[in-house]
Amino acid sequence: MSGFPKDFAWGTATSSYQVEGALDVGGRGESIWDRFARVPGAVADGSDGRVACDHFHRFADDVALMRQIGVNTYRFSIAWPRILADGRGEVLHAGLDFYRRLVDALLSAGIRPFVTLNHWDMPQALEDEGGWASRRTVDAFVRYADVVSRALGDRVRDWTTHNEPWCMAHLGYETGEHAPGRKEPAAALAAAHHLLLAHGRAVPVIRAHVRDAHVGLVLNLVPGYAASGSDIDREALRRFDGFFNRWYLDPIFFGRYPDDAIADRVQQGHLSSTTLPFVVDGDMAEIATPIDWLGINYYSRAICRGADEGNAPRVIAEPLPAQKTDMGWEVFPDGLAAILERVHADYAPRALYVTENGAAYATEPDHQGRVADVERVHYVRTHVEACAQALARGVPLRGYFLWSLLDNFEWQWGYLRRFGIVHVDYATQKRTLKDSARVYRDLIAAHTNPRSAR
Ligand code: IFM
């Protein structure tokens, strides 16, 4: 395998709520996930992020682990309520200082910090005012972006506004599987729009504070495949792609929502007409503010099968009975190359990153303390290979971030799903490098210095 540029970003990723713990330190306010995790049945094991990986206190050791693995970048997120407890008032300097210390530790270890402003843990006070379904949250986010980029702009060049707006809007406001747990399809569409608008408005604000800023957005994209060549399955694929991928890609790159996907929402009764009630003049141009890069989070593909129910075919996206991870997600590395090539061909972002890619497997240490996570080793190798293929086909891929550095709080699954390349014993907080971490280290070494290839 070859073809990775010398300056390729080899990284791992985490997010604040999933790893930090220390929820009541430094005046941090309540987040929507603090509140949601208390709802009986919302999190499978009844857990929350109170301690998580205690990364807040152990970040220096975690940076040392990153050095051991040899990554040259680290993607992490800022906890919004650690900076603005209620999302609006006073700035919490203790919160900013924590991230300054983290960034300084990374920089001294030669690791480039990739900051995400919003990886889901919004202040609960903003949700109490309507959350992302309310246009007022856009201003709150832009102020937050201003505060953080002003504080860290002297040392961080790489900025992400949101992580996976589809998850925040759809899982948070439509299915209610994620915080804030609302089941209101119309609110979900408004939430998606306000997330995109907040992104577009924050981009120039970040650029104002950061010299040579490199600003982007991270989308979770899923390549769809029709289950057969039948018209009904091809139609299911179109619907799936419109709802999942193009609803976000088209506004960002073309400044408009896809007409066919709008019509689908009208048909479903989630919109009363094709005029989107939450769009105000000028919004779409702001959303389409050019970005420096797009991040793609890729885990698996969707097989789309239509189910004929009168004149409204239902989309069923099902995994094949192939190899699956503990999430039930099919292992399908070709899908990664496919989505990278498709986004490059259809939207031509200036640069692309795989900002998340990884697999949940619950391998525990054996009696000698070794974590032989063979399935994850296979997953990592084959997906890095898919990146090489995409590069060879001309995709401007600039980096790859494994999800995740650490086993951590996996949202509605709590601690029952382990994505880390480093095992965390939650009782003792002991970290153990899994075999996948060593394999990733060797892959990085081989590509950064081909002579060390084995
Ligand atoms: O853990 C999540 C992460 O927070 C967002 N992307 C998907 C990961 C695995 O489910």
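Up top is the structure these notes are about.
Keep in mind it's a predicted model, so treat the numbers as computed, not measured.

About the cut-offs
- Residues numbered from 1 in each chain as written.
- Predicted model: local features only at pLDDT ≥ 70, side-chain atom pairs only at ≥ 80, totals over all residues.
- Heavy atoms only, no water.
- Salt bridge = Lys/Arg side-chain N within 4 Å of Asp/Glu carboxyl O.
- Helix = DSSP H or I, 4+ residues; strand = E, 2+ residues; numbered from the N terminus.
- Buried < 20%, exposed > 50% of the residue type's maximum accessible area, 1.4 Å probe, protein only.
- Pairing = 2+ DSSP bridges.
- Axes fitted to C-alpha atoms, helices over the stretch in contact; angles between N-to-C directions.
- Contact = heavy atoms within 4.5 Å.
- Expected span 1.5 Å × (residues − 1).
- Parallel < 35°, antiparallel > 145°, perpendicular 65-115°, else oblique.
- Left-handed = near helix turned anticlockwise from the far one by under 90°.
- Core = buried A, V, L, I, M, F, W, Y, C linked by side-chain atoms within 4.5 Å.
- Nonpolar A, V, L, I, M, F, W, Y, C, P; charged D, E, K, R; others polar.
- Near = heavy atom within 4 Å.
- Polar contact = N/O pair within 3.5 Å; in protein donor to acceptor, adjacent residues only side chain to side chain.
- Areas by Shrake-Rupley, 256 points an atom, 1.4 Å probe, with all protein chains shown as cover.
- Phe/Tyr/Trp six-rings, centres within 6.5 Å; stacked < 30°, edge-to-face > 60°.

### Topic: the pattern of salt bridges
All told, the structure shown has 41 salt bridges when counted by the stated rule. Notably, a salt bridge pairs Asp-264 with Arg-239, separated by 3.8 Å at the nearest N-O pair. Within this pair, whereas Asp-264 is found in helix H11 (residues 259–268), its partner Arg-239 is found in helix H10 (residues 231–254), the two being separated by 25 residues in sequence. Each member of the pair, Asp-264 as well as Arg-239, is classed as buried. Taken together, the shared-partner salt bridges in this structure form one network comprising Glu-235, Arg-238, Arg-239, Asp-241, Arg-246, Asp-260, Asp-264, Arg-342 and Asp-346.

### Points about the sheet that holds strand E4 (residues 158–163)
Reading around the barrel, the eight strands line up as E1-E2-E3-E4-E5-E7-E10-E11 and close back on themselves, with parallel pairing between neighbours. The average undirected angle you get between the axes of adjacent strands in this sheet is 25 degrees. In this sheet, strand E7 (residues 293–297) lies alongside strand E5 (residues 214–220) in parallel orientation, the contact comprising five bridges. From the neighbouring strand, Leu-217 faces E7, where its bridge partner is Leu-294. Set on the sheet, helix H8 (residues 165–173) makes contact with strand E3 (112–118), E4 and E5; between it and E5 the angle comes to about 40 degrees.

### Regarding the pairing of strand E8 (residues 302–307)
Extensive coverage of E8 is indicated by the burial of five of its six residues. Taken together, the three bridges between strand E6 (residues 224–226) and E8 define a ladder with parallel strand orientation. The residue of E8 that forms the bridge with Gly-224 is Ala-302.

### Digging into helix H5 (residues 93–108)
Counted at 1.5 Å a residue, the expected span for H5 with its 16 residues is 22 Å, and the 22 Å between its end C-alpha atoms agrees. Against the buried residues of H5 lie helix H1 (16–19), helix H3 (55–69), strand E2 (73–77), helix H4 (80–83), E3 and helix H7 (136–152).

### Thoughts on the environment of Gln-429
For Gln-429, the location among the structural elements is in the loop between strand E12 (422–425) and strand E13 (430–433). Residues Gln-429 and Leu-106, spaced 323 residues apart in sequence, show a C-alpha to C-alpha distance of 21 Å. Apart from the residues lying within four places of it in its own chain, the contact partners of Gln-429 are Val-51, Ala-52, Cys-53, Asp-54, Arg-58 and Val-424.

### Observations concerning the packing of H8 against helix H9 (residues 185–209)
The N-to-C vectors of H8 and H9 enclose an angle of 160 degrees; their axes lie 8 Å apart at closest approach. Here H8 lies roughly antiparallel to H9, going by the angle between them. Of the two elements, H8 crosses H9, and the hand of that crossing is right-handed. On the side of H8, the interface is formed by Pro-165, Met-168, Ala-169 and Tyr-173, while H9 contributes Pro-185, Ala-187, Ala-188, Ala-191, Ala-192 and Leu-195.

### What about the nonpolar core?
The biggest cluster of nonpolar side chains holds 139 residues, and the ones touching the most others in it are Trp-33, Ile-83, Trp-132, Trp-159 and Tyr-440. Ranked by residues supplied to this core, first place goes to H9 with 13 residues. In this view, Trp-159 contacts Val-115, Leu-117, Val-148, Ser-149, Leu-152, Gly-153, Ile-206, Val-210, His-214, Val-215, Gly-216 and Trp-293; residues no more than four positions away in its chain are not counted. If you look at the next biggest cluster of nonpolar residues, it comprises 17 residues, including Trp-293, Tyr-299, Ala-359 and Phe-401.

### What about the packing of H8 against H10?
Helix-helix packing is described using two parameters, namely the angle between the two axes and the distance between the axes. As a packed pair, H8 and H10 sit with axes 10 Å apart at the nearest point and diverge in direction by 130 degrees. By the angle class used here, H8 and H10 are oblique. When the axes of H8 and H10 are compared, the crossing they make is right-handed. Residues Pro-165, Trp-166, Ala-169 and His-170 of H8 form the contact with H10, whose participating residues are Phe-243, Phe-244 and Tyr-248. Residue composition of the contact of H8 with H10, by class: six nonpolar, one polar and no charged.

### Remarks on the site of the ligand
In the neighbourhood of the ligand, the contacting residues comprise Gln-18, His-119, Trp-120, Asn-163, Glu-164, Tyr-299, Trp-329, Glu-356, Trp-403, Glu-410, Trp-411 and Phe-419. At a separation of 2.5 Å, a nitrogen atom of the ligand approaches a polar side-chain atom of Glu-356. At 3.3 Å from an oxygen atom of the ligand is found a side-chain nitrogen or oxygen belonging to Trp-403. Here the ligand loses 95% of its free accessible area of 280 Å² to cover by the protein chains. In terms of residue class, the shell around the ligand is made up of six nonpolar, three polar and three charged.

### Quick look at the pairing of E3
Judged by how many residues are buried, E3 sits mostly within the fold: six of seven residues are covered. Relative to E3, E2 is paired through five bridges, and the arrangement is parallel. Looking at E3, one finds that Phe-76 is bridged to Val-115.

### Here's the deal with the packing of aromatic side chains
Across all of its chains, the model carries 40 aromatic pairs by this definition. Their ring planes at 40 degrees and their centres at 6.4 Å tell us that Tyr-17 and Trp-33 sit as a pair that is tilted. Taken together, the residues Tyr-17 in helix H1 and Trp-33 in helix H2 (residues 32–36) connect sequence positions 16 residues apart. Each of the two residues, Tyr-17 as well as Trp-33, counts as buried. Taken together, a centroid distance of 6.1 Å and an interplanar angle of 75 degrees make the contact between Phe-409 and Trp-411 edge-to-face. We note that Phe-409, like Trp-411, is buried. Through a chain of ring-to-ring contacts, the aromatic side chains of Tyr-17, Trp-33, Phe-36, Trp-120, Phe-409, Trp-411, Tyr-415 and Tyr-426 assemble into a single cluster.

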